[in-house]
Amino acid sequence: MPLTLLVNPASAHGRALKLLPAVEQELDARRIPFRVERTRTLEHGVERALHAVESGEVPVVISGDGLLGAIGGAMAGAETPLGIVPGGRGNDLARVLGIPKKPAEAVAVLAAGHSRRIDVGEANGMRFLGIVSVGFDSDANQLANETSFLRGNLVYAYAAVRTLLGWKPARFTIRVGEESTRVSGYSVSVANNRAFGAGMFIAPDAELDDGEFDVVTVGEVGRFRFVSNLPKVFKGTHVNEPEVQVFRAARLEISASRPFPVYADGEHITDLPVSLRVLPRALSVLVPPAAGT
């Protein structure tokens, strides 16, 4: 099937656009037909991706997790697979799926045609592929998106420290069926994917195709201890700390003692209160052969 390359010119300070010539060259060398669409907004990218599917083409996102989440969510239920060339700042879905950063290697994945079906999350009707953040993490994500002078892991570390300076604990209520859990502290993360924030493994045991979210709560703890535990998130060992609790659920609702934005795939998708559910194995993604099913 021919490809439609969906390129976000603004992604990662123009990184996606800089990758495009190398991707085009590799596709030409493999004689794979393609056309290029430069996206203007998430909504425009979704519209162009759905048009590609209707035209019998495979959408290939050259951007970060934000555009991937929007397009992947819109394609849920389709048989056409989604292709990925990592072109963002975090690239956490590509990281967990094993898709290489180098354009030639990413194109080789597209050419091989191996696919894997993964779950899609839904938050107040808005779909996502990665991790929903509420509380400290969503406040930090908002600040990270507004920070332009740092890149990669540094921007998220900076945002976390800045957010911590003015942070006050919040009370979260998590409802699963008829049972409610209350947590006073920092955050609630609802994870379809293992990683966010450019390699922070907030939910190290989360699986993309198990039909459940890993729900990670961080309770009240001193600021010094919180900061000292931040490096552990990059290895996923923070879940061993007593203030961190993890459980699984396919559906849940979250509210809090004060307003919070709800972030997913690095984007502000809704606000509290939020109702979440899993759409099991709703999306097909092109992946390296070892990860295909």
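Look above for the structure.
Owing to the predicted nature of the structure, the values given are computational and were not obtained by experimental measurement. Per chain, residue numbering runs from 1 following the sequence as it is written. Predicted model: local features are reported for residues with pLDDT of at least 70 only, side-chain atom pairs are reported and counted for 80 or more only, and whole-chain, interface and lining totals are derived from all residues. Only hydrogens and water are removed before side-chain values are computed, so all heavy atoms of the structure are retained for them.

K.L.:
An account of the packing of aromatic side chains is needed here, citing residue identities and associated values.
P.N.:
Paired rings are identified among Phe, Tyr and Trp, the last through its six-membered ring, by centres lying within 6.5 Å, and are further divided according to the angle between planes into stacked (under 30 degrees), edge-to-face (over 60) and tilted (the rest). Within this structure, the stated rule accounts for eight aromatic pairs. Ring centres 5.9 Å apart and planes at 15° place the aromatic pair Phe128 and Phe213 in the stacked group. One end of the pair, Phe128, is in strand S6 (residues 126-128); the other, Phe213, is in strand S10 (residues 213-219), with 85 residues separating them in the sequence. According to the relative accessible area criterion, Phe213 is buried, its value standing at 0%. Here the guanidinium or amino end of Arg258 rests over the ring plane of Trp167, the centre of that ring lying 4.9 Å away. Runs of H or I in DSSP of at least four residues are treated as helices and runs of E of at least two as strands, each being numbered from the N terminus. Three labels apply to residues, based on accessible area from a 1.4 Å probe with only protein chains included: buried if under 20% of the type maximum, exposed if over 50%, partly exposed otherwise in between. By definition here, charges over rings are those cases where NZ of Lys or CZ of Arg is within 6 Å of the ring centre and within 35 degrees of the ring normal.

K.L.:
Tell me what's going on with the side chain of Ser284, and back it up with residues and numbers.
P.N.:
Looking at the secondary structure, you find Ser284 in strand S15 (residues 274-286). Classification of Ser284 by relative accessible area gives buried; the value is 4%. The contact definition used throughout considers only heavy atoms, calling two residues in contact when any of these lie within 4.5 Å. Filtering out sequence-adjacent residues up to four positions away, Ser284 remains in contact with Glu79, Thr80, Pro81, Leu82, Ser115, Arg116 and Arg117.

K.L.:
How would you explain the sheet that holds strand S4 (residues 83-86) if you had to name every residue and give the values?
P.N.:
Read across the open sheet, the four strands follow the order S2-S1-S3-S4; overall the sheet is parallel. Each edge of the sheet is formed by a strand with only one pairing partner; in this case those strands are strand S2 (34-38) and S4. On average, each strand axis in the sheet is inclined to that of its neighbour by 20°, with strand direction left out of account. Only strands that DSSP links by at least two bridges are regarded as paired with each other. Judged from the four bridges that link them, strand S3 (residues 58-63) and S4 form a sheet pairing that is parallel. Bridged to Val61 within S4 is Ile84. Every axis in this analysis is a line fitted to C-alpha atoms, fitted for helices over the stretch in contact. Angles between the N-to-C directions lie between 0 and 180 degrees.

K.L.:
How would you summarise the pattern of salt bridges if you had to cite specific residues and measurements?
P.N.:
Put simply, a salt bridge is a Lys or Arg side-chain nitrogen that is within 4 Å of an Asp or Glu carboxyl oxygen. Counted by the stated rule, this structure contains 16 salt bridges. Glu207 serves as the salt-bridge partner of Arg194, at 3.2 Å between the closest nitrogen and oxygen. Taken together, the residues span a long stretch of sequence, with Arg194 in the loop between strand S9 (179-191) and S10 and Glu207 in the loop between S9 and S10 at a distance of 13 residues. Classification of Glu207 by relative accessible area gives partly exposed; the value is 32%. Between Asp214 and Arg248 there is a salt bridge whose closest N-O contact spans 2.9 Å. Linking Asp214 in strand S10 with Arg248 in strand S11 (residues 244-249), this pair joins segments that are 34 residues apart in sequence. One network of salt bridges, with partners in common, ties together Arg35, Glu37, Glu47, Arg48 and Glu57.

K.L.:
Help me get a handle on the pairing of strand S8 (residues 170-176), residues and values and all.
P.N.:
Judged from the seven bridges that link them, S8 and S9 form a sheet pairing that is antiparallel. In the strand pairing of S9, Arg171 is matched with Ser184. Hairpin remark: S8 followed by S9, antiparallel, with two residues in the connecting loop; positive phi at Gly177, about 65°. Bridging between S8 and strand S12 (residues 251-256) involves four bridges; their strand directions are antiparallel. Residue pairing in the sheet places Phe172 in a bridge with Ala256 of S12.

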